[in-house]
Amino acid sequence: MQTKGLKLTDVLTTVVVAIVFGIVYKVWGPLYYAVKPLGLHLDQLIYGMWFIAATVAYLLIRKPGVALLAEVAAASGEFLAGSEWGLEVLFYGFVQGLLAELVFAAFRYKRFDVAVVSLAAVGSTIASLVLDFYKGYIDQLAWWNLTLFIGARFVGAIIIAGVFAYSLVKALEATGVTQLLRPTTKEDYDSLDK
């Protein structure tokens, strides 16, 4: 039977996954700025990558606290790699990870399907939007432009941090690599088919 609390191997695995995504986050920044001039808030369609550490780590470890830890560690990795946003990424990482964690907690850490992971991506999106409103630059947009901005961010988050994260972990499970992290049961495979 799997224990509820985090073991040292859970924490270390989460941090390693988060560091990988922290580097991805750092590389994603220039891509985000390359897409931005194309207009129609296409940059918001790829914003969801900054939420993926929480969802992938949760799907791999499947224990309370992992999503928050992963997102904070990934933000730390991005910061240490020289993020153009500076210390701000740590606060964003904490709040985004916290809202993703709250979604998983709402399902009592018992659901590992694409719907719940997508809801966690929505939670992270809400967190990022609240912080962006607080910073004061998106509330200046016209209502139609703001609607497009928010809609694109939600869609991108669901696609990247929801569906793509789920598919990535499903592919890892098919290789058997996740058996090193947790014993794979028939219920695990059945939950992937839902």
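What you see is a predicted model, and the numbers here were worked out from it, not measured in a lab.

A. Just the overall build of the protein chain, in detail. A count of helical and extended segments in the protein chain gives 8 helices and 0 strands. In the protein chain, the succession of α and β elements from N to C terminus is α-α-α-α-α-α-α-α. A globule of 194 residues ought to have a C-alpha radius of gyration of about 16 Å, and the protein chain, at 16 Å, matches this closely. Principal axes of the C-alpha set define a box for the protein chain whose edges measure 55 × 35 × 25 Å. Here the protein chain holds 194 residues, and 46% of them are scored as buried. Taking all contacts inside the protein chain whose residues are at least 6 apart in sequence as the whole, residues at least 24 apart take part in 72%. Surface summary for the protein chain: the accessible area is close to 9600 Å², and the carbon and sulfur share equals 74%. With 15 positive and 15 negative side-chain charges, the protein chain shows a spacing of 6 Å between the two charge centroids.

B. Broad picture of helix α3 (residues 52-61). With 10 of 10 residues buried, α3 lies mostly within the body of the structure. Along α3, the residues that are buried comprise Ile52, Ala53, Ala54, Thr55, Val56, Ala57, Tyr58, Leu59, Leu60 and Ile61. In this structure, the buried residues of α3 make contact with α1 (8-35), α4 (66-80), α5 (88-106), α6 (114-135) and α7 (143-175). Just past α3, the residue arginine 62 takes up positive phi, approximately 60 degrees.

Here is what the cut-offs are and how they apply
Residues numbered from 1 in each chain as written. Predicted model: local features only at pLDDT ≥ 70, side-chain atom pairs only at ≥ 80, totals over all residues. Heavy atoms only, no water. Helix = DSSP H or I, 4+ residues; strand = E, 2+ residues; numbered from the N terminus. Rg over C-alpha atoms; globule rule 2.2 N^0.38 Å. Buried < 20%, exposed > 50% of the residue type's maximum accessible area, 1.4 Å probe, protein only. Contact = heavy atoms within 4.5 Å. Areas by Shrake-Rupley, 256 points an atom, 1.4 Å probe, with all protein chains shown as cover. Lys, Arg positive; Asp, Glu negative; His and termini not counted. Charge placed at Lys NZ, Arg CZ, Asp CG, Glu CD.

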